[in-house]
Each structure stands twice: as structure tokens, then as C-alpha cells.
Amino acid sequence: SPDGKEVYAANLKGGTVSVIDTASQKEVAQVVAGKGPAQTGFTPDGRLAFASLSGENSIAVIDPATRKVIRKVAVGTVPIQLYATPDSRTLLVANQGTRKKPGRTVSMIDLGSFKVAKTVVTGAGAHGVAVDREGRYAYVTNMYANSVSLLDVKNHQVVKTVPVNKTPNGISVTP
């Protein structure tokens, strides 16, 4: 969590998100999320938490105060990694799909309306996503295309695709 008090862990096979208290280093709750939670995340302001539901093609929106799913938002096929923008207004979700039928998109969810505001085509097997500190660019790994897409967040478009080695997976951006 942004305040460092809790860790959320996606339990892919269990359908839950474990809430771990960092002070006691113990699991203090399990949030029933849905089918195939693959990754969790928070808005930087701590107001919302998320779990990508790879088995449902949706995102679970979790209220950290109540530790309950307050809604689900449909996205592309087999969503994996997700990342909120620094202003806590948009959630980006990489839709990986499968090897036989790769997903090629990132869903951009407006966190005011909880609607997909834009779906941006990146590359085959869109898997990892991270947003820079300013919220200007998102970096998306395309597992089956062996590339990383640079997505202009404000203009909702890919501005560059960088070829990389085989099967890029997770991605991080630091200041």
C-alpha cells in the first residue's frame, strides 16, 4: 500500500488477494477477488486497490478500508499487470491473451467513471506495464512480439516500439 502498512498478494489459483500487515508480518485478511488474480496494485493516493482477474477478463476494484471488491471492470483477454498513473485517475491494464490467441492491447480505465476510456493496441502478448513518475509514458512488454512499447498516456497512443530479447515479461520504472 502507498503508506507501507499493507502488502496485497494475488493468489492466482485461490481466487483471493491476501492482505499482509507489514508490522506483524502476518496475513490479516483475504479478499475474495474472482477467477485467476494475477497481479495487484494501488492508486498512489491509497484510495483504491486492484487485482487483475486473468480468468474473468476483468479487474477487481478493491476498497482498502473495507477490504471488499466494490466493482469489476471488463477489459481485454487475460489481463495480467496493471499500474495506476501518479495522479490516481487512470489505471492501465495489459491484456496478454494466450500464445495461440495473443492479446495486443492495454485498457485505460478512467477511475472516476470506472469505464474503459481507451483501448490502445501495443503488441502481441501485452504483459507488463509501468508508468513513469510524471505519468507521461507507460512502458509495456509485448511477450510474443519480443518488444517494449512506449505509450503516450495523455494522447493514448504508442509513440515507439523497441525490439528486445525473447519473451519480455515484467517491467519497472524508477525515478
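Details of the structure are given in the entry above.
Since the model is a prediction, treat every value here as computed from it, not as a measurement.

### Some details on the overall build of the protein
- When its secondary structure is counted, the protein shows zero helices and 15 strands.
- Here the protein has a C-alpha radius of gyration of 15 Å; the compact-globule value for 175 residues is 16 Å, and the two agree.
- Each principal axis of the C-alpha atoms in the protein carries an extent, and together these give about 45 × 35 × 30 Å.
- When the 175 residues of the protein are sorted by exposure, 48% land in the buried category.
- Residue pairs in contact within the protein that sit at least 24 positions apart in sequence constitute 34% of those at least 6 positions apart.

### Here we look at the pairing of strand β5 (residues 49-53)
- Summarising burial for β5: five of the five residues are buried, a large majority.
- Bridge analysis of strand β4 (residues 37-42) against β5 gives four bridges, and the strand direction is antiparallel. Across the sheet, Phe42 pairs through a bridge with Ala49, a residue of β5.
- The turn linking β4 back onto β5 is made up of six residues, and Gly46 within it adopts a positive phi angle of 80°.
- By the bridge criterion, five bridges tie β5 to strand β6 (residues 58-63) in an arrangement that is antiparallel. Looking at the pairing, Ser52 lines up with Ile59 of β6.
- Adjacent in sequence and paired antiparallel, β5 and β6 are bridged by four residues, among which Asn57 carries a positive phi angle near 55°.

### Concerning the pairing of strand β7 (residues 68-74)
- Across six bridges, β6 lies against β7 in antiparallel orientation. The residue of β7 that forms the bridge with Ala60 is Lys72.
- The loop that links β6 with its antiparallel partner β7 comprises four residues; one of these, Arg67, has a positive phi angle of about 55°.

### What about the pattern of salt bridges?
- Counted by the stated rule, this structure contains four salt bridges.
- Among the ionic pairs, Arg47 bridges to Asp45, the shortest N-O distance being 3.7 Å.
- Of the residues examined, Asp45 reaches a relative accessible area of 46% and is grouped as partly exposed.
- Residues Arg133 and Glu134 are paired through a salt bridge, measuring 3.7 Å at the closest nitrogen-oxygen approach.

### Here's the deal with the environment of His127
- Among the structural elements, His127 can be located in strand β12 (residues 126-131).
- Note: C-alpha distance between His127 and Leu82 (45 residues apart in sequence) is 9.0 Å.
- Excluding anything up to four places from it in sequence, His127 contacts Ile80, Gln81, Ala94, Gln96, Thr141, Met143, Asn169 and Gly170.

### A short note on the sheet that holds strand β10 (residues 102-110)
- Strands sit in the order β8-β9-β10-β11 across an open sheet of four strands; the sheet is antiparallel. Each edge of the sheet is formed by a strand with only one pairing partner; in this case those strands are β8 (79-84) and β11 (115-121). For this sheet, the mean inter-axis angle between neighbouring strands, taken without regard to orientation, is 25°.
- Where β8 meets strand β9 (residues 90-97), four bridges bridge the pair, whose relative direction is antiparallel. When the sheet's bridge partners are listed, Leu82 is paired in β9 with Val93.

### What to know about the side chain of Asn95
- Tracing the backbone shows Asn95 in strand β9.
- Look at Asn95 and you get buried, because its relative accessible area is 0%.
- A polar contact is formed between the side chain of Asn95 and the backbone nitrogen of Gly76, at a distance of 3.2 Å.
- Sequence-distant contacts of Asn95, defined by excluding residues within four places in its chain, comprise Val75, Gly76, Thr77, Val78, Pro79, Gly103, Arg104, Thr105, Val106, Ser107 and Ala126.

Calculation criteria
Residues numbered from 1 in each chain as written. Predicted model: local features only at pLDDT ≥ 70, side-chain atom pairs only at ≥ 80, totals over all residues. Heavy atoms only, no water. Helix = DSSP H or I, 4+ residues; strand = E, 2+ residues; numbered from the N terminus. Rg over C-alpha atoms; globule rule 2.2 N^0.38 Å. Buried < 20%, exposed > 50% of the residue type's maximum accessible area, 1.4 Å probe, protein only. Contact = heavy atoms within 4.5 Å. Pairing = 2+ DSSP bridges. Salt bridge = Lys/Arg side-chain N within 4 Å of Asp/Glu carboxyl O. Axes fitted to C-alpha atoms, helices over the stretch in contact; angles between N-to-C directions. Polar contact = N/O pair within 3.5 Å; in protein donor to acceptor, adjacent residues only side chain to side chain.

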